Amino acid sequence: MRKQITMLVTGNTSTGKTVAACNVFHHMTNEGGVSAKAGDKELNFSLVATSGCDSDFFDTQYINMITGEPLPPGSTENASYELIFNDQEESIANILYLDYRGGMIKDDKNEEKTKQQELEKAEFDYVLSHTGILIYIIPGDLLQKYIDLSSLEAGTVEYELANMKIKKEISLIKTLQQHVTNELENRAPILYYVTKSDLVAEEEKIIPALEELIRKWKLQPKGRKILGCHSTIGRNAVVVEENIANVSVSRIVSGFAPEGFEIPMLLTVGYRLSKEGAIWADEQEKMIADEIDALSVQKNNELAAKGAANNELSGLTSGIRGFFTSKKKKEQKRNEISQQDNKIMEIDNKINKKTKEKQSIADRNVDKQHSQNILDYLNAKHPNQVLYLDENGNRSPLEKFFK
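Description of the structure in this document. Predicted model only: the values in this text are computed from it and were never measured.

Under the counting rule described, the total for this entry stands at 17 salt bridges. The partner of lysine 41 in a salt bridge is aspartate 376, with the nearest N and O atoms 2.6 Å apart. Placement of the pair is lysine 41 in strand E3 (residues 41-49) and aspartate 376 in helix H11 (residues 366-381), with a sequence separation of 335 residues. As a salt-bridge pair, glutamate 202 and lysine 205 come within 3.0 Å of each other at their nearest N and O atoms. For glutamate 202, a relative accessible area of 35% translates into the label partly exposed.

Structure, rendered in structure tokens:
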């Protein structure tokens, strides 16, 4: 049965949420999806839209990116998409993907809310409370501003202005985190997703700078696992901004070569399957352990009964009593002991069978196997593009996140 997984990429207006949604859909539907080779494994993951309208929307927007048409504008209302996630040719998860209007997290709290706004907020909160990983966007230009701070003199107007731009974005993230943790009671792992990472001048600085930003601005709540990743429409992409009919639009002029957009979805699905697999394995181990314990009790009862029967037989065959005890009665007792031996042997076979069944749990853990496939893909295709900090803030390999 397919898992039900919700996914939401949260961020300020015009941080690239809709562009990210279009790119992940295109790359996971184009030519059978995304693929990688890990050792002797051929890995492949793909998406299928359950609605032709959603597919048409994503394809149209992607064509616009290729042909230099205006990029998707900032969302004016929430849009949700239902997708099916495939590992190889097997459908393993239903994805509810919400593309929300970024300005909603900055709505004036004194504004009289319309019914539509209330519905949007309810939908937004529902997905936030049910998503397995909380994803927050940090746009590439903001990360570059953070990197550039080190070359500015602290206390200068230039430094303070740059620092304030960072503070404004991070304040929104912290406000949303407070809402998610305290009101929605979701303490899921957090993914800081750097979009437009081509705006960071040196690609090799993206993950180290992101880790430094997380630590300096205290973006790791106590006891929470933290992830980081990035995507780009192209390291050499040239994007121009124009004013058309008093509306500011952006167009890709050249260098369109998207990369990394599938990472947040794969992390979300992989983590959910890893958790489901761990729960299933624990349940299986407990069930089998209980069955083995029950069989062991039966065996001990049979051994005790056999011991009593042996003692009784010894009494029937020894001394004067043994001389007068009938041969038939002795034979009956020997048959009784033989039957108990057979029962004990049968119980031992059942215990051995259950022990082998317990040892094969990993081989039968389908969710964990799909999760491992996703981990292998990420390590093979994007080995340096994912950051993981464990609950104690220690930099750790990604496989520990999937345990």
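Moving on to the pairing of strand E6 (residues 134-137). What you see with E6 is no split at all: Leu134 and Tyr136 on one side and Ile135 and Ile137 on the other are buried throughout. Pairing of strand E1 (residues 3-10) with E6 involves two bridges; the strand directions are parallel. Pairing of threonine 10 across the sheet is with tyrosine 136, part of E6. As judged from the four bridges shared by E6 and strand E7 (residues 190-194), these two strands associate in the parallel manner. Bridging across to E7, leucine 134 finds its partner in isoleucine 190.

Right, let's get into the packing of aromatic side chains. Under the counting rule described, the total for this entry stands at 11 aromatic pairs. Between phenylalanine 58 and tyrosine 81, the aromatic rings sit 4.6 Å apart at their centres with planes inclined by 55°, giving tilted as the arrangement. Of this pair, phenylalanine 58 sits in helix H2 (residues 52-67) while tyrosine 81 sits in strand E4 (residues 79-87), and the two are 23 residues apart along the sequence. In this structure phenylalanine 58 comes out as buried when scored by relative accessible area, which is 3%. An aromatic cluster of three or more residues is present, and its members are Phe25, Phe57, Phe58 and Tyr81.

To continue, consider the nonpolar core. Among the nonpolar cores identified, the biggest contains 54 residues, and Phe85, Ile95, Met265, Leu267 and Leu398 are the most heavily contacted of them. The element that contributes the greatest number of residues to this core is helix H7 (residues 263-317), accounting for seven residues. By size, the runner-up hydrophobic cluster in this structure holds 38 residues, among which are Leu134, Leu143, Tyr146 and Tyr159.

What follows covers helix H1 (residues 17-27). Of all 11 residues in H1, 10 are buried, a share of seventy percent or more. Considered for burial, the residues of H1 that qualify are Lys17, Thr18, Val19, Ala20, Ala21, Cys22, Asn23, Val24, Phe25 and His26.

Before going further, it helps to examine H11. Structurally, the α-helix is built with 3.6 residues per turn, so residues lying three or four positions apart point the same way. Taking 1.5 Å per residue as the helical rise, H11 with its 16 residues ought to reach 22 Å, and the 23 Å between its terminal C-alpha atoms agrees with that figure. Along H11, the residues classified as buried are Asp367, His370, Ser371, Asn373, Ile374, Leu375, Asp376, Tyr377 and Leu378.

Here the focus is the state of the cysteines. Enumeration over the complete set of coordinates arrives at zero disulfides. Just so you know, cysteine 22 is unpaired, no disulfide at all, and the nearest cysteine sulfur is the one on cysteine 53, 15 Å from it. Of the cysteine sulfurs around cysteine 229, a residue in no disulfide, the closest is that of cysteine 22, at 17 Å. By relative accessible area, which is 0% here, cysteine 229 ends up buried.

Parameters and conventions
- Residues numbered from 1 in each chain as written.
- Predicted model: local features only at pLDDT ≥ 70, side-chain atom pairs only at ≥ 80, totals over all residues.
- Heavy atoms only, no water.
- Salt bridge = Lys/Arg side-chain N within 4 Å of Asp/Glu carboxyl O.
- Helix = DSSP H or I, 4+ residues; strand = E, 2+ residues; numbered from the N terminus.
- Buried < 20%, exposed > 50% of the residue type's maximum accessible area, 1.4 Å probe, protein only.
- Pairing = 2+ DSSP bridges.
- Phe/Tyr/Trp six-rings, centres within 6.5 Å; stacked < 30°, edge-to-face > 60°.
- Core = buried A, V, L, I, M, F, W, Y, C linked by side-chain atoms within 4.5 Å.
- Expected span 1.5 Å × (residues − 1).
- Disulfide = S-S within 2.5 Å.

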